[in-house]
Structure formats: structure tokens, C-alpha cells
Amino acid sequence: KAGVTQTPRYLIKTRGQQVTLSCSPISGHRSVSWYQQTPGQGLQFLFEYFSETQRNKGNFPGRFSGRQFSNSRSEMNVSTLELGDSALYLCASSLGPGAVGTEAFFGQGTRLTVV
Amino acid sequence: AQSVTQLGSHVSVSEGALVLLRCNYSSSVPPYLFWYVQYPNQGLQLLLKYTTGATLVKGINGFEAEFKKSETSFHLTKPSAHMSDAAEYFCAVRKVTSSGDKLTFGTGTRLAVRP
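Residues numbered from 1 in each chain as written. Chains lettered and ligands numbered in written order. Predicted model: local features only at pLDDT ≥ 70, side-chain atom pairs only at ≥ 80, totals over all residues. Heavy atoms only, no water.

Draft legend 1. Main features of the overall build of chain B. Each helix and strand counted, chain B has zero helices and 11 strands in total. Element order for chain B, N to C, with α for helix and β for strand: β-β-β-β-β-β-β-β-β-β-β. Relative to its length of 115 residues, chain B is compact, with a C-alpha radius of gyration of 14 Å against a globular reference of 13 Å. For the C-alpha atoms alone, the extent of chain B along its principal axes is close to 50 × 30 × 20 Å. The burial tally for chain B puts 46% of its 115 residues in the buried class. Long-range pairs, those at least 24 residues apart, make up 55% of the contacts in chain B with a sequence separation of at least 6. Looking at chain B as shown, the accessible area adds up to about 5400 Å², and 54% of this sits on carbon and sulfur atoms. On chain B, the mean spot of the 11 positive side-chain charges and the mean spot of the 7 negative ones are 6 Å from each other. (Helix = DSSP H or I, 4+ residues; strand = E, 2+ residues; numbered from the N terminus. Rg over C-alpha atoms; globule rule 2.2 N^0.38 Å. Buried < 20%, exposed > 50% of the residue type's maximum accessible area, 1.4 Å probe, protein only. Contact = heavy atoms within 4.5 Å. Areas by Shrake-Rupley, 256 points an atom, 1.4 Å probe, with all protein chains shown as cover. Lys, Arg positive; Asp, Glu negative; His and termini not counted. Charge placed at Lys NZ, Arg CZ, Asp CG, Glu CD.)

Spelled out as C-alpha cells, the structure:
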């Protein structure tokens with residue numbers, strides 16, 4: 001069974017640009033969550049999607065957005081990039097609500113560097 | 001609100017020595033607790049989880065953790081450290097509600113293993 005796939009693995013962008021990151025969950029998993037990891041703030045929750053609907057959102061500015069497609073694949077978008085957006089962005093997939101005893105599986109992450 | 005505290009951002013042990021990584025949680029409901037490991041430039045890999053049932057949980061690579069409700073703790077242990085255990089370890093608590101599902105992580109403990 002393939003794991004969680006995130007593309008691309010590495011990105012370098014310039015301040016002010018926008019970026020789109022992609023996440024393909026494990027087959028059969030319908031919930032996708034996104035996390036930002038930085039040395040200063042650690043792992044912080046961005047948002048969660050289930051059945052193409054955003055169910056939960058962390059405390060991030062509106063520049064951070066996401067969506068989920070009917071095949072459960074998800075994308076997150078960051079507009080008007082700032083230097084502080086440089087981070088490892090991690091995607092996690094899980095079965096979804098109701099399967100509370102199960103765990104989330106993480107992808108390898110996308111390393112975003114803003115210059 | 002749920003939260004996780006990991007005591008000790010850096011722990012160093014000798015190869016073959018006991019590994020003990022500390023995690024305390026705060027939760028208003030019975031928690032779902034997890035330990036994840038992260039190797040450099042990688043995503044998070046699940047070591048073990050506690051949901052319900054047996055309070056001593058065994059995971060991969062010889063790790064185990066004991067859920068102690070009276071102490072609100074979920075410490076991670078391994079009897080004998082191996083060089084390959086050097087990594088960063090994260091304790092997490094999962095909050096599941098009708099409006100969303102997210103993991104809240106501790107700040108992480110970096111484990112160094114001395115030859």
C-alpha cells in the first residue's frame with residue numbers, strides 16, 4: 001500500500017509569490033490534515049479536510065488556504081509569501097471521523113524556502 | 001484545550017542505555033495519545049499509540065509507553081538505545097470532535113546516542 005505522497009519535496013520561492021503544495025493520501029483515507037513545522041514554532045496545525053470540506057482550521061492568516069478533491073487528494077496554497085513562511089509542510093492522512101482509534105500517517109513533507 | 005508538554009528538548013544517552021523521553025498531557029476528555037519519530041529531512045513516523053484498553057503500549061523498534069492517568073503522563077521508553085535511535089521524538093494528543101480532528105504536538109525531544 002502506498003504511503004502519503006507529497007509533491008514537490010523542495011521548493012524555493014521569492015517573497016510575494018504564491019505556492020501550491022500537493023498531498024495524495026493513503027488509498028481509502030478520506031481525511032487530510034496539514035501542519036507547518038518550523039524551528040521556532042514547532043509543529044502547528046493548519047487545517048483539516050474531509051469529503052472536500054474544511055472541517056477544522058488552525059490559527060493562520062487567510063493567505064494560507066487549501067482544498068480537497070473528490071479523490072481525497074489535497075492541495076494547500078500560500079499567497080503573498082513571506083520569509084517567515086519558510087518551513088517544512090507536512091500532510092497527514094487518516095480514515096476520517098468515526099475512526100477515532102486509528103492514527104494519522106504523515107508524508108515526507110515539502111520543504112519551502114522563501115528568499 | 002488539549003496540550004502536550006515534553007520535558008527536555010535534548011536527551012543524550014550511551015548506546016545500550018535506557019531511553020526515557022517524558023510527555024505529560026492536558027486533556028478534558030480521555031485522550032488519544034501518540035508518539036512519533038522524525039529523522040532528518042523526513043516526515044513523522046508513528047512509533048505507538050494509546051487509545052483505550054491496555055495502558056502499557058508496545059510500538060516499533062523496541063519502544064513502549066505507559067499511559068498513567070493519575071500522573072497525566074505518557075512517557076516513552078526503550079530498554080537499550082541503539083545508534084539508529086538518534087532522531088527527534090514528538091508526543092501528540094488527538095482531539096476529535098464533530099467539527100474536526102487535529103493533533104496537538106509537544107515541542108519535541110532530540111535524542112542523541114553516544115557510542
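Draft legend 2. Expanded view of the pairing of strand β1 (residues 3-7) of chain B. All names here are of chain B. Here β1 shows a buried face lined by Val4 and Gln6 and an unburied face lined by Ser3, Thr5 and Leu7. Sheet topology note: the β1/strand β3 (residues 19-26) ladder contains five bridges and is antiparallel. Within the sheet, the bridge partner assigned to serine 3 lies in β3 and is serine 26. (Pairing = 2+ DSSP bridges.)

Draft legend 3. Molecular detail of the sheet that holds strand β7 (residues 64-68) of chain A. Residue and element names in this part refer to chain A. Taken in spatial order, the four strands line up as β1-β3-β8-β7 in an open sheet, and their pairing is antiparallel. At either margin of the open sheet sits one strand with a lone partner, and together these are β1 (5-7) and β7. Each strand axis lies, on average, 15 degrees off the axis of its neighbour in the sheet, ignoring direction. Relative to strand β3 (residues 19-24), β1 is paired through three bridges, and the arrangement is antiparallel. Opposite threonine 5, over in β3, you have serine 24 as the bridge partner. (Axes fitted to C-alpha atoms, helices over the stretch in contact; angles between N-to-C directions.)

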